[in-house]
Amino acid sequence: MPTVAVVGAQWGDEGKGKVVDALAAEAEVVVRYQGGNNAGHTVMVGDRTFKLRLIPSGILYPGTLCVIGNGAVVNPLVLLQEIEGLQAQGVDTGGLRVSDRAHVIMPYHEILDRLEEGARGSRAIGTTGLGIGPCYVDKAARLGLRVAELVDPDAFRARLEEILPLKNRMLECLYGHRPLTVEEIMEAYAPAAERLRPLVTDTGALLRQAIAEGRRVLFEGAQGTLLDVDHGTYPYVTSSSASAGGIASGAGVSPRAIEKVLGVVKAYTTRVGGGPFPTELKGEEGDILRREGKEFGTVTGRPRRCGWFDVVATRYAARLNGLTDLAILKLDVLSPFDEVKIAVGYRVDGEVIDRIPARLDLMASAEPVWETLPGWRQDLTGIREWNRLPRAAQQYVRRIEELVEVPVAMVSVGPRRDETIQLRPLF
Ligand code: IMP
């Protein structure tokens, strides 16, 4: 059963796009199973840069079936724009399919996302403002619109007439926002719906069949484990199941269908938006990581918060996801440092712990217990073989492997497709 899942094992932005792109060369099917256009996957091929938000990174390989699964949320305008953008870059998007059960991000979701963030004031989550949370809220509240309805004008209108009065009451009464009309929403979404209709299908059935036929299927996670709505640093999380647990329900496949789970981490840690981040570096070292790692959001352009590698968070992600392999990215970014640190525990209330506390105040007060390792002060970007890495860089990778208790399959030393050292095969 050649199925591999790629999940973020930190707070997102680990570089999953690059890893998925590498694996997609061998995959026959690539699936997004949660999240929406809050994700941003950057893939560099030669001199060309592709920025993907909703479409699986496998789209860059002609002939690959690319699925946006039922667990994802779809903004039809953004999806269409992304399809057209790729086509303009010469990419064949013929392999794309969208689940008929995926929920649609509606204009009022985007509006509510921003208004709710504003109302949170200093406790704002720092969402992407793209309506992701409000869309998942409506899914759980049984007030959602699904793609199957979006692409049928009569069904869309009927459902919207049912739901919109409720959403308008929220907009008007809670936030003093003007009500939206069925007509304006229909008008805004109808052209995109028309264009997307041929792509819409029961993708769960498609995937179950592909798996039964023994095809190589790749599940592409978005965001990261510590942003998972259940297992992340709640409430500073996204609204979907970003860990491997989300695959079965978000793609419509059996939990037994996942053979390998590859966790992706950076050689350090970043986080966008609010919320606890124990290894954050607020001074010059953080600035170096941000500059060397070009740590600015793909979607929002926001500077990312940067810090040293967090073993506690990653080991938690390893156990929760059942990681079989680890990919360590951006090792080259640590080259300017004489010494590098990793957090091997948290000190909370005077006690050293090696787990993620559920209570936000405890997590926010966690102070890292550091282990310091020698740096290597050498440019790594030209290196393609493990044996050619400086000894200190090898030691760093091996120490992480030992502490996280997952074998390292891949080390990345630069953003390009070929700037990768492969240690273990995945498919
Ligand atoms: P939302 O997903 O827009 O609701 O944002 C919730 C939290 O998840 C915020 O802290 C965002 O910055 C974060 N987030 C959402 N998507 C990503 C991503 O792709 N990478 C990193 N952080 C993300």
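If you're wondering where the values come from, they're calculated on a predicted model, not measured in any experiment.

Rules used throughout
- Residues numbered from 1 in each chain as written.
- Predicted model: local features only at pLDDT ≥ 70, side-chain atom pairs only at ≥ 80, totals over all residues.
- Heavy atoms only, no water.
- Helix = DSSP H or I, 4+ residues; strand = E, 2+ residues; numbered from the N terminus.
- Contact = heavy atoms within 4.5 Å.
- Phe/Tyr/Trp six-rings, centres within 6.5 Å; stacked < 30°, edge-to-face > 60°.
- Buried < 20%, exposed > 50% of the residue type's maximum accessible area, 1.4 Å probe, protein only.
- Salt bridge = Lys/Arg side-chain N within 4 Å of Asp/Glu carboxyl O.
- Core = buried A, V, L, I, M, F, W, Y, C linked by side-chain atoms within 4.5 Å.
- Pairing = 2+ DSSP bridges.

Caption draft 1: A look at the side chain of T203. With respect to the helices, strands and loops of the structure, T203 is situated in helix α8 (residues 203–212). Excluding its chain neighbours within four sequence positions, the residues that come into contact with T203 are V67, I68, G69, N70, R97, V98 and S99.

Caption draft 2: Quick look at the packing of aromatic side chains. Counted by the stated rule, this structure contains three aromatic pairs. Aromatic side chains W11 and F277 sit 5.6 Å apart centroid to centroid with 45° between the ring planes, which places their arrangement in the tilted category. Placement of W11 in the loop between β1 (3–8) and α1 (16–24) and of F277 in the loop between β12 (269–271) and α10 (284–292) is noted, with a sequence separation of 266 residues between them. Taking the centre distance of 5.0 Å and the plane angle of 65° together, the rings of W308 and F337 count as edge-to-face. Of this pair, W308 sits in the loop between β13 (305–307) and β14 (309–310) while F337 sits in the loop between β15 (325–329) and β16 (339–348), and the two are 29 residues apart along the sequence. Comparing W308 with F337 shows no difference in burial state: the two are buried.

Caption draft 3: View of the pattern of salt bridges. Counted according to the given criterion, the structure contains 30 salt bridges. Between E28 and R215 there is a salt bridge; the shortest N-O distance is 3.1 Å. One end of the pair, E28, is in the loop between α1 and β2 (29–32); the other, R215, is in the loop between α8 and β10 (217–220), with 187 residues separating them in the sequence. Residue class for E28 comes out partly exposed when judged on its relative accessible area of 26%. Close ionic contact of R178 with E184 constitutes a salt bridge, the shortest N to O distance being 3.0 Å. With relative accessibility at 30%, the residue E184 sits in the partly exposed group. Connected via shared salt-bridge partners are D13, K266, E295, R304 and K330.

Caption draft 4: Structural view of the nonpolar core. With 58 residues, the main nonpolar core has F219, L326, L331, L334, W376 and Y396 as its most contacted residues. With seven residues, helix α13 (residues 391–404) is the largest single contributor of residues to this core. With sequence-adjacent residues up to four places away left out, L334 is seen in contact with A267, Y268, L289, W308, V340, W376 and Y396. Ranked by size, the runner-up nonpolar core spans 43 residues in total, among them L79, I111, L180 and Y189.

Caption draft 5: The sheet that holds strand β19 (residues 408–412), seen in detail. As summarised here, the arrangement of the ten strands in space is β9-β7-β5-β2-β10-β1-β11-β15-β19-β20, forming an open sheet in which the pairing is mixed. Whereas interior strands pair on both sides, the edge strands pair on one side only; in this sheet they are β9 (200–201) and β20 (420–422). Here strand β11 (residues 260–266) pairs with β15 via five bridges, running parallel. Residue V265 lies in a different strand from β15, and its bridge partner there is I328.

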